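# Examination of the molecular architecture
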Amino acid sequence: MPESSAPFVPEDADLDELRAAAADCEGCPLFRDATQTVFGEGPPSARVVLLGEQPGDQEDRQGRPFVGPAGQLLLRACEEAGIDRDEAYVTNAVKHFKFVTRERSGKRRIHKPPTLRELTACRPWLVSELHLVKPELIITLGATAGKALYGSGFRVTEVRGTVLDAPDEFEAGGVVATIHPSAVLRADERREEAYAGLVSDLRVAAEALG
Ligand code: SF4
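For the rest of this paragraph, the subject is the pairing of strand β7 (residues 175-178). The side-chain alternation of β7 yields two buried faces, one formed by Val 175 and Ala 177 and the other by Val 176 and Thr 178. In the sheet, strand β5 (residues 137-141) pairs with β7 via four bridges, with the strands oriented parallel. When the bridges of β7 are listed, Thr 140 appears paired with Ala 177. Strand direction decides the pairing type here: strand β6 (residues 163-164) and β7, joined by two bridges, are antiparallel. Looking at the pairing, Val 163 lines up with Val 176 of β7.

This is the structure:
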């Protein structure tokens, strides 16, 4: 049997029931090393969904999406672009933190991107969340979030900052792709430029929302 969260997703559930069920998901091996499932959060009536890749170290410890440094940066960028982060539903394509441990750096847990197989395994949670929220717009943050919607051929650099049609399965009015806020944090001397690019893409989303 292929790895999948589908057997763990309850039918006709609301977001709270989905979140509770996701806490016990063993649909792929990522649940084994992570602290807990980090499910999406935000108002069920949200007009916009912010979709990231997977929880990071802080998110894994706190059990909430986008509470670490990248989340803080995203909050600032959203405010600057005119998107109210508190009015958005925030989630990740993969709900468990994937990492490798580096002994040499004090057992630091270093983020590792999910594979296509893990993305596919976790997809039923995302489909169910989006089915309930039915947002006007999904903002994908980074390449992995885009691949969760459009498959492995997705290239964020080719389509960022434009309004795309959402695949039917995801029940959204449209999609705007941009980079992940952690890419801004990693950009070092080009950080300002990367941040400006993120805000510019988010402004396209804000305009689409009207
Ligand atoms: S990553 Fe997704 S599919 Fe894998 S165990 Fe976690 S919730 Fe389930």
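Another point: the pattern of salt bridges. Side-chain pairing between opposite charges can occur once the charged atoms of the two side chains come close. One pass over the structure, following the stated rule, counts 13 salt bridges. Each of Asp 57, Asp 60, Arg 61 and Arg 109 takes part in salt bridges that share partners, so that together they form one network.

Moving on to the packing of aromatic side chains. Under the criterion given, the structure shown has three aromatic pairs. With centroids separated by 5.9 Å and ring planes inclined at 90°, the aromatic side chains of Phe 39 and Trp 125 adopt a geometry described as edge-to-face. Of the two residues, Phe 39 sits in the loop between α1 (15-22) and β1 (48-52) while Trp 125 sits in helix α4 (residues 116-133), which places them 86 residues apart along the sequence. Each member of the pair, Phe 39 together with Trp 125, is buried. With centroids separated by 5.7 Å and ring planes inclined at 10°, the aromatic side chains of Tyr 150 and Phe 154 adopt a geometry described as stacked. Directly above the ring of Phe 39 sits Lys 95, whose terminal nitrogen or CZ lies 5.6 Å from the centroid. Above the plane of the ring of Phe 99 lies Arg 109, whose end atom (NZ or CZ) is 4.8 Å from the centre.

Each value, and the rule that gives it
- Residues numbered from 1 in each chain as written.
- Predicted model: local features only at pLDDT ≥ 70, side-chain atom pairs only at ≥ 80, totals over all residues.
- Heavy atoms only, no water.
- Buried < 20%, exposed > 50% of the residue type's maximum accessible area, 1.4 Å probe, protein only.
- Helix = DSSP H or I, 4+ residues; strand = E, 2+ residues; numbered from the N terminus.
- Pairing = 2+ DSSP bridges.
- Salt bridge = Lys/Arg side-chain N within 4 Å of Asp/Glu carboxyl O.
- Phe/Tyr/Trp six-rings, centres within 6.5 Å; stacked < 30°, edge-to-face > 60°.
- Lys NZ or Arg CZ within 6 Å of the ring centre and 35° of its normal.

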